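Results of the structural survey
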Amino acid sequence: FHKSFFPQCKQYSSQSPQSSHFQLVTNPTWLEMDNVRMLGTSGENINDVFKYLIPNIESGEIEFEDSCCCKNEIIYQSRMKMYETSILWQNIVPTSPDTLWCYPFESEDPFTLTETPHVYFIGNQPSFETKMVELYNKNGDTIKTRIFSIPVFKETGEIVLLDTDTLDCSSIKICD
């Protein structure tokens, strides 16, 4: 959203990231809190990939009218493999700009990662999922990344909590 949508929120902003209460950020965005580097997206990157995957259902069990609709994806058991794969590939938007619009960049791809985050979160997903994955860089060092999806609150009533000390993650249902 453009900042003009939030004219009253200037009073909650500050120049210091530690004391700011309201910040407008890009999608995807990099955040740092308590020395934990986090990468987050609003989920379009994963939703777009799933438009082109063949569903893992047994024939005849589930009927659906719109096979391109991402919101009714009960046909997929889990999206965790795609979350993991995008970090492994070090490319969080593999379908852009072919099927997911983005601003054209001439000299670099902003969706190709040059560092591996401690935390990778994906919003607007059908359900909460989390996993700690281990990746290995060129010199053999292990890099651990907590991956989790944030479900659509309007549909699930769930919020997600992350402990930045341990990188433990859980969801809490706060309304039906």
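Each chain carries its own residue numbering, running from 1 in the written order of its sequence. Reporting of local features is limited, given that this is a predicted model, to residues whose pLDDT is at least 70; pairs of side-chain atoms are given and counted only at 80 or more, and all residues count toward the totals for whole chains, interfaces and linings. The basis for every side-chain value is the complete set of non-hydrogen atoms in the structure, without hydrogens or water.

1. Some points on the packing of aromatic side chains
- Aromatic pairing here means that ring centres of Phe, Tyr or Trp (its six-membered ring) are within 6.5 Å. Orientation follows from the plane angle: under 30 degrees is stacked, over 60 is edge-to-face, and everything else is tilted. Tallying each qualifying case throughout the model produces 1 aromatic pair.
- Considering the side-chain rings of F121 and F148, the 5.9 Å spacing of their centres and the 20° angle between planes classify their relative orientation as stacked. Here F148 lies in strand β5 (residues 142-151) and F121 lies in strand β3 (residues 119-125), a separation of 27 residues in the sequence.
- The rule is simple: take the accessible area with a 1.4 Å probe, protein chains only, and divide by the maximum for that residue type; under 20% is buried, over 50% is exposed, in between is partly exposed. Looking at F148, the relative accessible area reads 5%, which means it is buried. Secondary structure follows DSSP: runs of H or I at least 4 residues long count as helices, runs of E at least 2 residues long count as strands, and numbering of each begins at the N terminus.

2. Quick look at the sheet that holds β5
- The 5 strands are arranged β1-β2-β3-β5-β4 in an open sheet whose pairing can be described as mixed. This sheet does not close on itself; its edge strands, each paired only once, are β1 (29-33) and β4 (129-136). Each neighbouring strand pair of the sheet contributes to a mean axis angle of 25°, computed without reference to strand direction.
- Sheet analysis places β3 next to β5, joined by 5 bridges and oriented parallel. Residue pairing across strands places I122 opposite S149, the latter belonging to β5.
- Across the sheet, helix α2 (residues 80-89) is in contact with β3, β4 and β5; its angle to β4 comes to roughly 30°. The rule for pairing is simple: two strands pair if DSSP sees at least two bridges between them. In this description, a line fitted to the C-alpha atoms serves as the axis of each element, helices being fitted only across the stretch in contact, and the angle between N-to-C directions of two axes falls anywhere from 0 to 180 degrees. The contact definition used throughout considers only heavy atoms, calling two residues in contact when any of these lie within 4.5 Å.

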